[in-house]
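Per-entry structural report
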Amino acid sequence: MDTHLSQFYGTNHVPSDTELLEIERLLAPHNARLSQLEKDLEEAEANVARLKKEREDVLRVIKPLKSLSSLIRRFPREVMELIFMHSIPPTASRKSNLSICHAPLVLLRVCKLWREITLTTPQLWASVELTIPSHLCNPFGNIPDTKKQQQMTLYLDQFDQRLELSESYPLSIIVRGSPPYDGAITLRSLASKVAIHSCRWESIDFDISQWLPHPFANIVAEDLPTLKYVRLRAYSLSFNEGDSLGILAAPNLKGLQIQVSHSCHGISTMPVNWTNLTHLSLDGSYMYLPDTSSQDKQLTATEMLPVLNKCRNLRILSLLLISTHDPPLLAEPEHQVTLSKLEALNAAGSLLQIHHLLQSINTPRIRQIHYQPLHKPPLLAEEPSFSLALVSFLERYGNQAEVLSVNLPTVSRGDLRSWLECTPALKQLTLGNEFQFAPLPPQILVPTDYESGFDDFCVGLLTPKQNHPWLCPNLKIFRCSIKSHISADTILAFLNARTDPTLVGSGGIIEEVSIHQLPYDAPFGDSTDADLEDGRLESIRQAGVRLSFKKPFYYQSNPVVPFDSSTGGYGPGYGVDFSTLF
């Protein structure tokens with residue numbers, strides 16, 4: 001309410017006696033109203049407190065009733081066990097299963113039922129990790145205090161409990177890294193506890209180069225009746241000595257992966273029951289070392305062929321081949337090796353060694369072919385064609401291939417046409433290295449000034465046409481990460497044709513198109529895609545096609561904006577992920 005006193009608000013004016021009387025008269029009704037409001041608030045707060053208490057009483061009754069009627073209580077125990085088992089991080093993820101944030105430990109803290117199921121499901125405890133948690137390590141060799149010693153004793157007791165909870169279920173053993181400065185004795189103690197249960201080992205993932213001697217050297221093949229999968233890592237391997245041979249000689253071994261970082265030889269002398277193997281992977285990073293004077297840094301096709309001749313049941317094969325003495329390209333092979341059950345092949349490394357291998361093997365059931373030759377810069381004119389032996393191999397066995405993956409910095413039109421003509425049943429085509437599901441060969445500096453290897457003509461080879469045969473009618477996934485130069489009209493014509501049921505049939509619609517390494521001025525994958533916001537992609541989205549178009553990072557003005565962010569990116573595809581075989 002405005003009065004003549006309002007002019008003095010915010011000033012240093014000293015009111016007179018008359019003004020003070022007027023102020024008291026003006027305050028009287030407001031003071032009375034304020035007093036009433038305070039009483040009303042006290043009553044309201046008392047009511048709120050009463051209502052909150054009543055709500056708590058009602059919730060106390062409702063909560064157990066709702067818990068009893070919860071849908072999850074109706075799940076059969078068998079279903080809950082399966083769900084819990086799928087929550088265990090896979091071995092390939094390299095996530096520690098000792099963390100309280102990961103299964104199975106996190107499942108113990110949800111409720112009484114989940115705890116009971118977790119403790120009585122041995123499969124959840126069958127992945128045994130030999131490592132010492134970082135909080136128990138003394139990296140500088142300091143004498144551990146009493147509290148840390150007690151924690152270590154508790155950890156060892158919990159390790160024993162874990163083995164007990166696994167009951168008689170097959171064990172997966174994971175040995176991570178090297179022993180810490182003060183933890184070698186403790187880790188060897190853990191290894192001895194695990195070695196007692198060697199009769200039920202199913203898989204082992206072990207870096208043997210970190211242990212001298214390694215803790216399982218005394219285990220013989222007879223102690224490993226159930227061992228099926230072995231992944232060994234090492235700085236250098238020479239199979240002329242007796243260490244680690246017991247693991248390799250397990251009578252029922254099905255999968256073997258060896259990763260070497262420096263040198264590897266004597267593969268043929270390994271005491272492996274080659275006939276039993278269904279999965280074999282020999283790779284590493286030793287080709288990073290360009291020392292051609294050492295014969296130890298070799299894994300050649302010539303050395304592998306006698307081994308492969310014994311692998312009668314092999315289904316998946318991944319090889320990284322390197323040699324200082326390459327055979328002549330397309331020379332007549334010494335002998336042919338038949339891999340009658342091989343379905344997936346990843347061949348990486350020396351170009352001539354890969355070609356020698358492809359010439360020397362018969363693979364009547366091959367379904368997946370991953371081809372990754374080293375491309376040394378520059379691509380000299382006198383060097384053999386990167387595609388010559390691959391085309392020869394596809395002409396023989398590409399008719400049934402469903403997955404073709406080629407890792408090269410550029411691809412010619414003629415090569416691409418030859419590959420596609422040889423693979424009429426192809427479902428997945430991958431060009432480049434970004435989408436590879438196989439261990440990449442060592443990285444060699446490759447010049448970036450190659451001509452665009454993928455253009456409108458190449459896309460046209462895969463574009464269905466009315467009343468005209470086209471290549472790869474069953475194609476579901478197309479991925480390309482080599483340098484490309486494609487127009488928007490060509491891409492849209494390809495997408496529209498591949499999603500047109502009158503052309504490809506209702507079951508022939510493509511599932512994914514991912515093209516990266518587009519030029520900086522392409523109307524895809526950047527803020528410049530505004531000219532495509534005219535509905536031309538609406539039918540593609542409605543058909544459920546996953547789209548991922550990108551430019552090199554140094555060209556992108558807005559790298560966060562994808563071509564079609566609603567699709568969630570590219571999926572796993574049909575190809576074998578050779579890095580997670582075991």
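Residues numbered from 1 in each chain as written. Predicted model: local features only at pLDDT ≥ 70, side-chain atom pairs only at ≥ 80, totals over all residues. Heavy atoms only, no water.

Let's shift gears to the pattern of salt bridges. Considering all chains together, one arrives at 15 salt bridges under this definition. Residue Glu 421 is joined to Arg 417 by a salt bridge in which the shortest nitrogen-to-oxygen separation is 3.7 Å. With Glu 421 and Arg 417 both in helix α10 (residues 413-422), this residue pair falls four residues apart, about one helical turn. Overall, Arg 417 belongs to the partly exposed group, its relative accessible area being 35%. Overlapping salt bridges bring together Lys 53, Asp 57 and Arg 60 as one network. (Salt bridge = Lys/Arg side-chain N within 4 Å of Asp/Glu carboxyl O. Helix = DSSP H or I, 4+ residues; strand = E, 2+ residues; numbered from the N terminus. Buried < 20%, exposed > 50% of the residue type's maximum accessible area, 1.4 Å probe, protein only.)

Under the counting rule described, the total for this entry stands at five aromatic pairs. Ring centres 5.0 Å apart and planes at 80 degrees place the aromatic pair Trp 201 and Phe 216 in the edge-to-face group. One end of the pair, Trp 201, is in strand β3 (residues 201-207); the other, Phe 216, is in the loop between β3 and β4 (229-238), and 15 residues separate them in sequence. We note that Trp 201, like Phe 216, is buried. Put simply, the rings of Trp 201, Phe 206 and Phe 216 pair up and form one aromatic cluster. (Phe/Tyr/Trp six-rings, centres within 6.5 Å; stacked < 30°, edge-to-face > 60°.)

The feature "coiled-coil region" (unreviewed entry), as given by UniProt, occupies residues 27-61 in the numbering adopted here. Across residues 27-61, helical content stands at 100% and strand content at 0%; the span's end C-alpha atoms are separated by 51 Å. (UniProt positions renumbered as here; feature names shortened; annotations may be inferred.)

Across the interface, helix α8 (residues 351-360) lies against helix α9 (residues 388-397) with an axial gap of 9 Å and an inter-helix angle of 20 degrees. The angle between the axes of α8 and α9 places the two elements in the roughly parallel class. In this structure, the crossing between α8 and α9 has a hand that is left-handed. Side by side, α8 and α9 meet where His 355, Leu 358 and Gln 359 of the first sit next to Ala 389, Leu 390, Phe 393 and Arg 396 of the second. Residue classes in the contact of α8 with α9 are distributed as four nonpolar, two polar and one charged. (Axes fitted to C-alpha atoms, helices over the stretch in contact; angles between N-to-C directions. Parallel < 35°, antiparallel > 145°, perpendicular 65-115°, else oblique. Left-handed = near helix turned anticlockwise from the far one by under 90°. Contact = heavy atoms within 4.5 Å. Nonpolar A, V, L, I, M, F, W, Y, C, P; charged D, E, K, R; others polar.)

A few words on a nonpolar patch on the surface. There is a patch of nonpolar side chains on the surface, built from Ile 72, Phe 75, Val 79 and Ile 83 and spanning about 300 Å² of accessible area. Mapped onto the elements of the fold, Phe 75 is located in the loop between α1 (17-68) and α2 (77-86). Using a relative accessible area of 38% as the deciding quantity, one classes Phe 75 as partly exposed. (Patch = residues over 30% accessible without salt bridge, like charges linked within 9 Å, V, L, I, M, F, W, Y side chains within 5 Å. Areas by Shrake-Rupley, 256 points an atom, 1.4 Å probe, with all protein chains shown as cover.)

Attention now goes to helix α7 (residues 301-308). Most of α7 sits out of view: six of its eight residues are buried. For α7, the set of buried residues is Ala 301, Glu 303, Met 304, Leu 305, Val 307 and Leu 308.

Turning our attention to α2. Regarding α2, the residues found buried are Met 80, Glu 81 and Phe 84. For α2, the arc enclosing every buried residue in end-on projection is 100 degrees, short of the 170-degree limit, so these residues lie on one face. With respect to the buried face of α2, the exposed residues turned more than 90 degrees away are Glu 78 and His 86. The inward-facing, buried residues of α2 abut α3 (112-119). (Arc of directions from axis to C-beta.)

Tallied over the full model, the rule gives two cavities of 30 Å³ or more. Taken together, His 370, Val 403, Ser 405, Gln 428, Thr 430, Phe 435, Gln 436 and Phe 437 make up the full set of residues lining the second largest cavity. Of all the secondary-structure elements, those providing two or more residues to the lining of the second largest cavity are β12 (403-406) and β13 (428-431). A breakdown of the residues in the lining of the second largest cavity according to their chemical character gives three nonpolar, five polar and no charged. (1 Å grid on protein atoms, 1.4 Å probe; cavity = no way out; pocket = protein on both sides within 12 Å on 5 of 7 lines; lining within 4 Å. Points joined across faces, edges and corners; volume = space filled by probe spheres on them.)

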